[in-house]
Amino acid sequence: MSAIQVDGLTKRFGDEVALEGLDLVVERGEVFGFLGPNGAGKSTTINVLLDFVRPTAGSASVLGMDTRAGSEAIRARTGVLAEGIDLYERLTGRRHLELALGWADGEETPGGLLERVGLAVADADRSVGEYSTGMKQRLALAMALAGDPDLLVLDEPAAGLDPNGIRTMRELVRSEAEQGTTVFFSSHDLDQVEAVCDRVAILNDGKLITVDTIDGLREAIGARSELYLRLADEPDADLSTIDGVADAEYDDDRLVVTCADPRAKARAIGRLLDADVEVLDVDASSVALEDVFATYTDGEVDIVREEETAADDRHGRLSGVLG
Ligand SMILES: Nc1ncnc2c1ncn2[C@@H]1O[C@H](COP(=O)(O)OP(=O)(O)OP(=O)(O)O)[C@@H](O)[C@H]1O
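All chains use their own residue numbering, which begins from 1 and follows the written sequence. Per-residue local features of the predicted model are confined to residues with pLDDT of at least 70, and side-chain atom pairs are confined, for both listing and counting, to 80 or more; whole-chain, interface and lining totals are unaffected and use all residues. To get the side-chain values, take all heavy atoms of the structure and skip hydrogens and water.

K.L.:
Go over the environment of valine 25, please, and point to the residues and values.
P.N.:
Structurally, valine 25 can be placed in strand β2 (residues 16-26). For the pair valine 25 and alanine 201, spaced 176 residues apart in the sequence, the C-alpha separation amounts to 9.9 Å. Should any heavy atoms of two residues lie within 4.5 Å, those residues are counted as being in contact. Apart from the residues lying within four places of it in its own chain, the contact partners of valine 25 are Ser2, Ile4, Gln5, Glu30, Phe32 and Arg199. Each helix corresponds to a stretch of at least 4 residues labelled H or I by DSSP, and each strand to a stretch of at least 2 residues labelled E; elements are numbered beginning at the N terminus.

This is the structure in structure tokens:
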């Protein structure tokens, strides 16, 4: 059973079409990035999943339950960190967590949650009105974690966090996923998405543009990655025969390997080591997720559904988009 399944979801607000025939499957235990430009329909999708908004057509299920019939049970097993969450200014952080734990009926303590999100115990007893933006965000994340949910819905979880807070958030997301929690990660912050997500969906104008791993998205637009190696000697090994290597050029103790498939980088290094070539230094570059996102959302790429396309086919149809 998938964690989230969305079938033909359409939502209209009057004449405004927020979602149009959205199909989506999120597997259990995966960290699933949900991307799209402003107004693409991300919040509407989340609101349908949590039954805050009813679809015009189509259906969705969460943890095997229909979002309409099972909304209470779904909310009991889902931790939500929503953008601009309302906190009670007069209550302390600890009180917020006690309430969240009460609602969640869990066995954890506020202290344990505070520690997980890196909120100081002394700050837990201050009223939230005195919190900085980042402290509020950490508290909201702790509230989402209360009750050991099976699904975490995180909307812009890095908003307002300092670099340490961002690292804590990323580690929490990965460790939750390792324990089997599904994480639905909606964000415009592509660095965070790239750091934590197993797969991403890109939405545009209420329609699904693509679903794939980040490497798969790069591959689909024909984006190439490069591997730069400093070698002790000119290599004897022929790297151009490696699956996924497009080109390999050696000049002045530097080898540049251009890869159509990012996984070919590791294969190229392996081939050199097998040939007893001494590798002195390694560096690599790949097309930023920001460029991948722009390519998918500025209308240059036709709609591609993951299940319709084999990697070769995808590459063939879309290669050259990035030049
Ligand atoms: N309650 C509403 N009434 C009318 N239109 C709405 C309503 N909620 C959303 N919409 C419209 O639906 C579309 C999708 O909005 P949604 O908030 O889901 O986008 P989003 O991807 O979350 O955007 P953002 O990244 O800006 O948060 C937009 O055109 C928006 O104007």
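Back to the write-up after that little detour.
K.L.:
Kindly report on the environment of aspartate 233, identifying the contributing residues and their values.
P.N.:
Counting through the fold element by element, aspartate 233 comes out in the loop between β11 (225-231) and β12 (245-251). The spacing of aspartate 233 and leucine 280 is 47 residues in sequence and 9.9 Å in space, taken between C-alpha atoms. Not counting chain neighbours up to four residues away, the residues in contact with aspartate 233 comprise Tyr250 and Val277.

K.L.:
I'd like a rundown of the nonpolar core, residues and numbers included.
P.N.:
Leu139, Leu141, Leu154, Val173, Phe185 and Tyr296 are the most contacted members of the largest nonpolar core, which totals 51 residues. The leading source of residues in this core is helix α6 (residues 133-145), at eight residues. Apart from residues no more than four positions distant in its own chain, leucine 154 is found in contact with Leu81, Leu141, Val173, Val183, Phe184, Phe185 and Ser186. Each nonpolar core is a collection of buried residues, namely Ala, Val, Leu, Ile, Met, Phe, Trp, Tyr and Cys, held together in the definition by side-chain atoms within 4.5 Å. Three exposure classes are used, based on accessible area relative to the maximum for each residue type with a 1.4 Å probe and protein chains only: buried under 20%, partly exposed in between, and exposed over 50%.

K.L.:
If you had to explain the sheet that holds β11 to someone new, which residues and values would you point to?
P.N.:
Note on sheets: strands pair through backbone hydrogen bonds, and any given pair is parallel or antiparallel. Sheet architecture is open: four strands sit in the order β12-β13-β11-β14, paired in antiparallel fashion. Strands with a single pairing partner mark the edges of an open sheet, and in this sheet they are β12 and β14 (279-285). Across this sheet, the average inter-strand angle for adjacent strands is 15 degrees, counted without regard to direction. By definition, two strands form a pair when at least two bridges between them are found by DSSP. In terms of strand pairing, β11 meets strand β13 (residues 254-259) through six bridges, oriented antiparallel. What sits directly across from tyrosine 228, in β13, is valine 256. Every axis corresponds to a line fitted to the C-alpha atoms, with the helix fit spanning only the stretch in contact, and the corresponding angles, defined between N-to-C directions, vary from 0 to 180 degrees.

K.L.:
Describe the site of the ligand, naming the residues involved and giving the relevant values.
P.N.:
By convention in these notes, a residue is near a molecule or strand provided one of its non-hydrogen atoms lies within 4 Å of it. Lining the immediate environment of the ligand, one finds Phe13, Glu16, Ala18, Pro37, Asn38, Gly39, Ala40, Gly41, Lys42, Ser43, Thr44 and His188. In the environment of the ligand, an oxygen atom lies 3.0 Å from a nitrogen or oxygen atom belonging to the side chain of asparagine 38. Polar contacts here mean pairs of N or O atoms no more than 3.5 Å apart (in protein, one a potential hydrogen donor and the other a potential acceptor; neighbouring residues in sequence count only if both atoms are side-chain atoms). For the ligand, an oxygen atom lies 2.8 Å from a polar atom in the side chain of histidine 188. Elements that contribute at least two residues to the shell around the ligand include exactly β2 and α1 (42-49). When residues in the shell around the ligand are grouped by element, the largest group, three residues, is from α1. When residues are grouped by polarity, Ala, Val, Leu, Ile, Met, Phe, Trp, Tyr, Cys and Pro land in nonpolar, Asp, Glu, Lys and Arg in charged, and all others, Gly among them, in polar. Within the shell around the ligand, the residues separate by chemical class into four nonpolar, six polar and two charged.

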